[in-house]
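A closer look at the structure
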Amino acid sequence: MKRILPLLAGMALLLSACGRSDLSALDPQGPIAQRQYDLMKISISIMTLVVVVVFAICIYVLIKFRRRKGDKTIPKQVEGNHKLEIIWTVVPLILLLILGVPTIQSVFGMAKDYSKDKDAIQVKVTSHLYWWEFEYPQLGVTTAQELVVPTGKKISFELVSADVKHSFWIPSIGGKMDTNPGMSNRMYLEFPKEGVYRGKCAELCGPSHALMDFKAKSVSPASFDKWVAAMKAPAVMPADAHIAETFRSKCLACHAVGDQGTNGAPNLTGIGGRQTVAGILYNSDVVKDPQSEDKTVEENLKTWITNPQKVKPGNQMPSAADNQLTQDEIDGIAKYLAGYKLDY
Ligand code: CUA
């Protein structure tokens, strides 16, 4: 018991993080996640039933037919019992049918293709080491790290990878589906409620796999239209001429702002209003995350720009030293990006 206690305490601590409705598959926030959760419940109930019945019979037999003191006789040897054999063939068959019918129904239902549906929102997801790109081909908009979707619509995803294999997963909404280089997978999700849900990479992809988070933000259809318009508006550049020039030559070589899509690194339009910098540094002036330090967008941007490898080992972003940025330039760029918010 002394050895088991710390283990139990550790498990409790680990599982306590699973109660978050923005992250837990056990607290579904949409119809797809709900169906997946229902399937889990059916299979766990059946498994529990089987374990309980088998163990009960086993324990009963062990006690009832144990060798008693002084008993030297050999029990009657029985081989083949028609009745029993039929029972233990038919019962598992019935259990498998109870499990199989809804599973197959759900699996085929969830694989429905909405890529040609005019009413669905199409999103092309491209995974990169270690960030997520979201392109809306119908709307001509590309963003990164924060997927924005309207409530009440089918969101039809095309999933690809720019490098290695990752997996796209929003636990409380549904999923998951691999993103592979050179081929696309498809799935759809629905967001009935407004909210911000945490997304995760669910395929071991490198040293920062566990840090490859993103956000899925569902907003009202009116807000979504506003967001699209704001994304397509001309880029806002730094007011200071020197910072603007530095930003253009150093950052925009890979990043993009405004409606320019992407140059291989995350599109930064509206980054000041996102919940996180780099997907994992929570901005306390946007959202309070109980498990994160109290740092503002501007502070997090400085941390990230100064030494990205310290935050997310193995990522592609060069450090400020590699980029030959002075402290004034780091501060100026962080301040500008922190102030780059979209109204929607
Ligand atoms: Cu990307 Cu794990």
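The structure this text deals with has already been given above.
Remember, predicted model here, so these are calculated numbers, not experimental data.

A word on the overall build of the protein. Scanning the protein for helices and strands turns up eight helices and 12 strands. Taken against the 2.2 N^0.38 rule, which gives 20 Å for 344 residues, the C-alpha radius of gyration of the protein at 27 Å runs more than 25% over that of a compact globule. When the 344 residues of the protein are sorted by exposure, 41% land in the buried category. At a minimum sequence separation of 6, the contacts of the protein that also span at least 24 residues come to 62%.

Taking every second residue as pointing to the same face, both faces of strand β3 (residues 141-144) are buried, with V141 and T143 on one and T142 and A144 on the other. In terms of strand pairing, strand β2 (residues 131-136) meets β3 through four bridges, oriented antiparallel. Paired with Y136 across the strands is V141, a residue of β3. Taking the residues between adjacent antiparallel strands as the criterion, β2 and β3 are bridged by four residues, where G140 takes a positive phi near 70°.

Turning our attention to the sheet that holds strand β6 (residues 166-170). Strands sit in the order β4-β10-β9-β6-β7 across an open sheet of five strands; the sheet is mixed. Two strands in the sheet have a free side with no partner beyond their single neighbour: β4 (146-150) and β7 (174-179). Taking the axes of each pair of neighbouring strands and ignoring which way they run, one obtains an average angle of 20° across the sheet. Where helix α4 (residues 221-232) meets the sheet, its contacts fall on β4 and β10 (214-219), and the angle it forms with β4 comes to roughly 130°.

Attention now goes to the sheet that holds β2. Strand order in the open sheet formed by five strands is β3-β2-β1-β5-β8, with mixed pairing between adjacent strands. With one partner strand each, in any of the chains shown, β3 and β8 (185-190) form the two edges of the open sheet. Going across the sheet, the axis of each strand differs from the next one's by a mean of 25°, ignoring polarity. Here α4 sits on the sheet and contacts β1 (121-128), β2 and β3; the angle it forms with β3, its principal contact strand, is near 95°.

Ranked by internal contacts, the top residues of the largest apolar core, which has 64 residues, are Y136, L147, F157, F168 and I170. Not counting chain neighbours up to four residues away, the residues in contact with I170 comprise L147, L189, F191, Y197, R198, G199, F214 and A216.

The next subject is the side chain of D22. Tracing the chain through its elements places D22 in the loop between α1 (4-16) and α2 (31-64). If we ignore the near neighbours within four places in the chain, the residues touching D22 are S172, V196, Y197 and R198.

Below, the discussion takes up the packing of aromatic side chains. Enumeration according to the criterion identifies 13 aromatic pairs in this entry. Members of the aromatic cluster, connected to one another through ring pairs, are W132, F134, F157, F168 and F214. Above the face of the W169 ring, K176 is positioned so that its terminal group lies 4.5 Å from the ring centre.

Time to look at the side chain of S43. Tracing the chain through its elements places S43 in helix α2. Separated by 3.1 Å, the side chain of S43 and the backbone oxygen of M40 make a polar contact.

Moving on, we get to the packing of α2 against helix α3 (residues 82-110). One can describe the packing of α2 onto α3 by two numbers: an axis separation of 10 Å at closest approach and a directional angle of 165°. Taken as axis vectors, α2 and α3 run roughly antiparallel relative to one another. For the pair α2 and α3, the sense of crossing is left-handed. Here I32, R35, Q36, L39, I42, S43, I46, L49 and V50 of α2 lie close against α3, whose contacting residues are L95, I98, L99, P102, T103, Q105, S106, G109 and M110.

The next subject is the pairing of β10. Burial analysis of β10 places six of its six residues in the buried class, which makes it a mostly covered element. Bridge count for β4 against β10 is five bridges, and the pairing is parallel. Bridge assignment links L147 to a residue of β10, and that residue is A216.

A few words now on helix α6 (residues 297-306). Every α-helix carries 3.6 residues per turn, so stepping three or four residues along brings you back to the same face. Along α6, the positions that sit buried rather than exposed are V297, N300, L301, W304 and I305. In an axial view of α6, the angular spread of the buried residues amounts to 130°, which keeps them on one side of the axis. Those residues of α6 hidden inside the fold are in contact with β11 (276-277), β12 (281-282), α7 (308-311) and α8 (327-338).

Rules used throughout
Residues numbered from 1 in each chain as written. Predicted model: local features only at pLDDT ≥ 70, side-chain atom pairs only at ≥ 80, totals over all residues. Heavy atoms only, no water. Helix = DSSP H or I, 4+ residues; strand = E, 2+ residues; numbered from the N terminus. Rg over C-alpha atoms; globule rule 2.2 N^0.38 Å. Buried < 20%, exposed > 50% of the residue type's maximum accessible area, 1.4 Å probe, protein only. Contact = heavy atoms within 4.5 Å. Pairing = 2+ DSSP bridges. Axes fitted to C-alpha atoms, helices over the stretch in contact; angles between N-to-C directions. Core = buried A, V, L, I, M, F, W, Y, C linked by side-chain atoms within 4.5 Å. Phe/Tyr/Trp six-rings, centres within 6.5 Å; stacked < 30°, edge-to-face > 60°. Lys NZ or Arg CZ within 6 Å of the ring centre and 35° of its normal. Polar contact = N/O pair within 3.5 Å; in protein donor to acceptor, adjacent residues only side chain to side chain. Parallel < 35°, antiparallel > 145°, perpendicular 65-115°, else oblique. Left-handed = near helix turned anticlockwise from the far one by under 90°. Arc of directions from axis to C-beta.

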